[in-house]
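Next come the chains, spelled out residue by residue.
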Amino acid sequence: MTTRLADIAAQAGVSEATVSRVLNGKPGVAATTRQSVLAALDVLGYERPVRLRQRSEGLVGLITPELENPIFPALAQVIGQALTRQGYTPVLATQTPGGSTEDELTEMLVDRGVAGIIYVSGLHADTTADMQRYERLRAQGVPFVLVDGFSPKVQAPFISPDDRAAMTLAVTHLASLGHTRIGLALGPKRFVPVQRKIEGFVRAMQDQLGLSAPTVETELIQHSLYTLEGGQAAATALIERNCTAVVCASDMMALGAIRAARQLGLEVPRDVSVVGFDDSPLIAFTDPPLTTVRKPVPAMGQAAVRTLLEEIGGTPAPHSEFVFMPELVVRGSTASAPNVLRMS
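Everything numeric in this text was worked out from a predicted model, so none of it was measured. Residues take numbers from 1 onward in each chain, read along the sequence in its written order. Per-residue local features of the predicted model are confined to residues with pLDDT of at least 70, and side-chain atom pairs are confined, for both listing and counting, to 80 or more; whole-chain, interface and lining totals are unaffected and use all residues. Side-chain descriptors were evaluated using all non-hydrogen atoms of the structure, hydrogens and water having been removed beforehand.

As for the sheet that holds strand 3 (residues 116-120)
Thought 1: Strand order in the open sheet made by the 6 strands is 2-1-3-4-5-11, with parallel pairing throughout. Every interior strand has two partners, whereas the edge strands, strand 2 (88-94) and strand 11 (321-324), have only one. The average undirected angle you get between the axes of adjacent strands in this sheet is 20°.
Thought 2: Along the sheet, helix 6 (residues 132-139) contacts strand 3 and strand 4 (144-147); its crossing angle with strand 4, the most-contacted strand, is approximately 155°. For two strands to pair, DSSP has to find at least two bridges joining them. A run of DSSP states H or I qualifies as a helix once it reaches four residues; a run of E qualifies as a strand once it reaches two. Both are numbered from the N-terminal end. Here, axes are lines fitted to C-alpha atoms. For helices the fit covers the stretch in contact, and angles between N-to-C directions go from 0 to 180 degrees. Two residues form a contact once any of their heavy atoms are found within 4.5 Å.

The following block contains the structure:
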């Protein structure tokens, strides 16, 4: 119990005596302090005493594409904690191949009376999808926020990482190591984040290495799937085109790229450098530890919640895009370019 009091006090930034007064329902504690202690209980995973449990402000739906890529659970955790701290109950709805679609999950959440919905990498990121579904949702009076993807056709707040800047960071790093044949492995072209990464990559390759846009687009970009297998297939194609470095649009793809290099008898980073994107949990512990562009997940998740709660509260955020700057994290999967390619 003493350990628990100390943990809660440290989290809430108050004394153990104050925590004790709140837990025992004693008077003489400011409302804001009491709320800080209750939020600390929630964040640390302790159950509130029955008499202190407040009725939820409401349910908020969170729709993600899948949970196999560790960046989605990481984002869901940030969003869930931020919602809980504000008194809301998060409801995680996950799409799975052959399972519920985004539209079906939306209908299920609306039927349950959610106060709002946060979409992560949803159909709003797909340039071929019908955006009318979001206007219909708005007409029903359900506030929503869209993460990772942008459409000028949808009147809603968007939260995105700067995909173009991410590619500039990766290419600048690799060019500084002497790489002149840098490939880009990424997902299907119809997705907005993919298109933006291509734009950033082409521009960076022009600025850093003086390559023409047609050369970059035809020789150094390979589309595949956002999976380990997809990264392996794309990287194999790029390495066979004499790329000494591969930038990947996700950490999962980057792990596939490392596997591709090894299957071709090459070593990472001696023969081929690999850069990921996301900085997913545990990615620092791969072999070799992965150099990656860190997606600002905490800032993006908190902004998504803050923006949604403003919408719920009747003071809508501007219908625009909030863009967050990524950060290059250099680890062990990148090194100086080999002087001589070891492939025939």
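Points about the pattern of salt bridges
Thought 1: Any Lys or Arg side-chain nitrogen found within 4 Å of a carboxyl oxygen on Asp or Glu counts as a salt bridge. Under the definition given, this model contains 13 salt bridges.
Thought 2: Taking the shortest distance from any N to any O, the salt bridge between Asp126 and Arg190 comes out at 2.9 Å. Linking Asp126 in the loop between strand 3 and helix 6 with Arg190 in the loop between strand 6 (182-186) and helix 8 (192-209), this pair joins segments that are 64 residues apart in sequence.
Thought 3: Note that Lys295 and Asp148 form a salt bridge whose closest N and O atoms lie 2.4 Å from each other. In this pair, Lys295 sits in the loop between strand 10 (291-294) and helix 12 (297-312) while Asp148 sits in the loop between strand 4 and strand 5 (158-161), placing the two residues 147 residues apart along the sequence.
Thought 4: What makes Lys295 buried here is its relative accessible area of 8%.
Thought 5: Bridged by salt links that share partners, the residues Asp279, Arg294, Glu327 and Arg331 form one connected network. With a 1.4 Å probe rolled over the protein chains alone, any residue whose accessible area is under 20% of its type maximum counts as buried; one over 50% counts as exposed, and the rest are partly exposed.

Describing the domain arrangement of the chain
Thought 1: The domain boundaries here were taken from an automatic or database domain assignment. Taken domain by domain, the chain holds domain 1 (5-52), domain 2 (58-161 + 296-324) and domain 3 (163-295).
Thought 2: The C-alpha centroid of domain 2 is placed 30 Å from the C-alpha centroid of domain 1.

Observations regarding the packing of aromatic side chains
Thought 1: Stacked, edge-to-face and tilted are the three classes for Phe, Tyr and Trp ring pairs, Trp counted by its six-membered ring, which pair at centre distances within 6.5 Å; planes under 30 degrees apart are stacked, over 60 edge-to-face, the rest tilted. Considering all chains together, one arrives at 4 aromatic pairs under this definition.
Thought 2: Between the aromatic rings of Tyr119 and Tyr134, the centroid separation amounts to 5.5 Å while the plane-to-plane angle is 85°, which identifies the pairing as edge-to-face. Taken as a pair, Tyr119 in strand 3 and Tyr134 in helix 6 lie far apart in primary sequence, 15 residues in all. By the burial criterion, Tyr119 is buried, and Tyr134 matches it.
Thought 3: Lysine NZ or arginine CZ positioned within 6 Å of the ring centre and within 35 degrees of the ring normal marks a charge as sitting over the ring. The aromatic ring of Tyr46 is capped on one face by Arg4, whose charged end is 5.4 Å from the ring centroid.

Quick look at the packing of helix 5 (residues 102-111) against helix 6
Thought 1: Their axes nearest at 12 Å, the elements helix 5 and helix 6 cross at an angle of 5°. In this view, helix 5 runs roughly parallel relative to helix 6, as classed from their interaxial angle. Residue-level contacts link Glu102, Asp103, Thr106 and Val110 of helix 5 to Arg133, Tyr134 and Leu137 of helix 6.
Thought 2: In this count, Pro and Cys sit with the nonpolar residues alongside Ala, Val, Leu, Ile, Met, Phe, Trp and Tyr, while Asp, Glu, Lys and Arg are called charged and the others, Gly among them, polar. Split by residue class, the contact of helix 5 with helix 6 holds 3 nonpolar, 1 polar and 3 charged. Angle categories: roughly parallel below 35 degrees, roughly antiparallel above 145, roughly perpendicular from 65 to 115, and oblique for all the rest.

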